[in-house]
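Letter by letter, the chains look like this.
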Amino acid sequence: MLSLQSLSKTYADGTRALDAIDLSVPNAEIVALIGGSGCGKTTLLRLIAGLDRPSAGAIALDGEPITGPHPGVGLVFQEPRLLPWLDVAGNVGFGLGELPRRARAERVAHALERVGLAEHAGRWPRELSGGQQQRVSIARAFVANPRVLLLDEPFSALDAFTRKDLHRHLLALWEEVRPTVLIVTHDVGEAVALADRAIVMRPKPGRLDESVALDLARPREPSAPTSEAATRAILGALDRSLRPRDAARTPELAGGSSF
Ligand SMILES: Nc1ncnc2c1ncn2[C@@H]1O[C@H](COP(=O)(O)OP(=O)(O)OP(=O)(O)O)[C@@H](O)[C@H]1O
Ligand SMILES: [Mg+2]
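Everything numeric here is computed off the predicted structure, so don't read it as measured data. (Residues numbered from 1 in each chain as written. Chains lettered and ligands numbered in written order. Predicted model: local features only at pLDDT ≥ 70, side-chain atom pairs only at ≥ 80, totals over all residues. Heavy atoms only, no water.)

A. Up close: the overall build of the chain. Along the chain, the regular secondary structure elements total seven helices and 11 strands. Compactness check: the chain gives a C-alpha radius of gyration of 19 Å against a globular reference of 18 Å for 259 residues, within 12% of the reference. Dimensions along the principal axes, computed over C-alpha positions, put the chain at roughly 60 × 45 × 30 Å. Out of the 259 residues in the chain, the part that is buried amounts to 49%. Considering only contacts in the chain between residues 6 or more positions apart, those separated by 24 or more positions represent 70%. (Helix = DSSP H or I, 4+ residues; strand = E, 2+ residues; numbered from the N terminus. Rg over C-alpha atoms; globule rule 2.2 N^0.38 Å. Buried < 20%, exposed > 50% of the residue type's maximum accessible area, 1.4 Å probe, protein only. Contact = heavy atoms within 4.5 Å.)

So this is what it looks like as structure tokens:
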């Protein structure tokens, strides 16, 4: 279980990026975080990754506090961020330095195969398309067998075909490794394709606003009636998140948000 308790982040200039977030994510759940620009999505992932410290509150993974970068927590950014002086296999294996060379090579080869890049192990990042580079960064995140995988708009720069292909690769790896996944997306269709739960956020201060359960069988077809109903439910929640919240109507949310 990944649990966030009364998690708040106020930046030095006074910006209240997150305010009293309570969130429990069971192991292996996929949660999509959706919300407008500035509602604290990246801040939330950075805190969970241990790259920044909260102003208040706590983060725990299976009861163990996370107070800094953690080997069980992987992060994938919007842009691939590959090391240009290492080839594809070198990039994927970069964090596995402590493993014997042979075991490392096997893990890397397996991860590359799972994202369909087995033949490109010796290429340089500059020789890859944007979609291929992002597949390398997903392989790099999975090769360490993360317990929690955080993805910050990982597919937003890609075309619809490549995105769908990467969804397939991501879900195949998730089936194998079963990490807890938090994925930030602006694409409601992406949330419906991937997640068990979509959480809509609202800004100023950053809060969790509504949760939509996506209890649909996989693989999911976007045109299936269940997918369309889920899409409508998320769009409705997004719409409500843009309106002022009536604190009197929802007193339980007046001091923060709990999911
Ligand atoms: N280092 C920082 N110093 C001060 N304010 C910051 C800092 N980083 C983020 N913020 C502010 O905190 C708020 C939340 O930012 P954050 O980047 O988490 O939003 P986001 O939901 O990821 O937005 P986007 O969808 O545009 O990526 C914003 O108002 C932003 O301007
Ligand atoms: Mg962001």
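After that view, the rundown keeps rolling.
B. Local environment of the packing of aromatic side chains. In the structure shown here, the tally under the stated rule is zero aromatic pairs. The ring of Phe-77 has Arg-81 lying over it, and the distance from NZ or CZ to the ring centre is 3.6 Å. Stacked on the ring of Trp-174, the Lys or Arg Arg-178 has its end atom at 4.5 Å from the ring centre. (Phe/Tyr/Trp six-rings, centres within 6.5 Å; stacked < 30°, edge-to-face > 60°. Lys NZ or Arg CZ within 6 Å of the ring centre and 35° of its normal.)

C. A look at the pattern of salt bridges. Applying the stated criterion across every chain yields a total of 14 salt bridges. Measuring nitrogen to oxygen at the nearest pair gives 3.4 Å for the salt bridge that ties Arg-16 to Asp-19. With a shortest N-O distance of 2.8 Å, Asp-209 and Arg-202 are connected by a salt bridge. Like Arg-202, Asp-209 is buried. Salt bridges sharing common partners tie together Arg-16, Asp-19 and Arg-207. (Salt bridge = Lys/Arg side-chain N within 4 Å of Asp/Glu carboxyl O.)

D. A look at helix H1 (residues 41-48). Within H1, six of the eight residues are buried, which leaves it mostly tucked inside the rest of the structure. Inspection of H1 places Lys-41, Thr-43, Leu-44, Leu-45, Leu-47 and Ile-48 among the buried residues, and these make up the whole buried set.

E. Quick peek at unusual backbone geometry. Cis peptide bonds are those with omega within 30 degrees of zero, and the linkage from Lys-204 to Pro-205 qualifies with -5 degrees. Relative to the helices and strands, Pro-205 resides in the loop between strand E9 (197-202) and strand E10 (207-213). Backbone torsion omega between Arg-218 and Pro-219 reads 0 degrees, so that peptide bond is classified as cis. Counting through the fold element by element, Pro-219 comes out in the loop between E10 and helix H7 (225-241). Positioned with a positive phi, Ala-20 is a non-glycine residue whose angle comes to about 50 degrees. Here Ala-20 is to be found in strand E2 (residues 16-25).

F. Representation of the pairing of strand E8 (residues 180-184) in the model. Within E8, five of the five residues are buried, which leaves the element mostly enclosed by the surrounding structure. Alternating residues of E8 divide into Thr-180, Leu-182 and Val-184 and Val-181 and Ile-183, and every residue in both groups is buried. Sheet analysis places strand E3 (residues 30-34) next to E8, joined by four bridges and oriented parallel. Bridge assignment links Ala-32 to a residue of E8, and that residue is Ile-183. Relative to E8, strand E7 (residues 148-152) runs parallel, the two sharing five bridges. Counted as the bridge partner of Asp-152 is Val-184 from E8. Read from E7 through helix H5 (residues 160-177) to E8, the crossover connection turns out right-handed. (Pairing = 2+ DSSP bridges. Right-handed = clockwise from strand over helix to strand, strands pointing away.)

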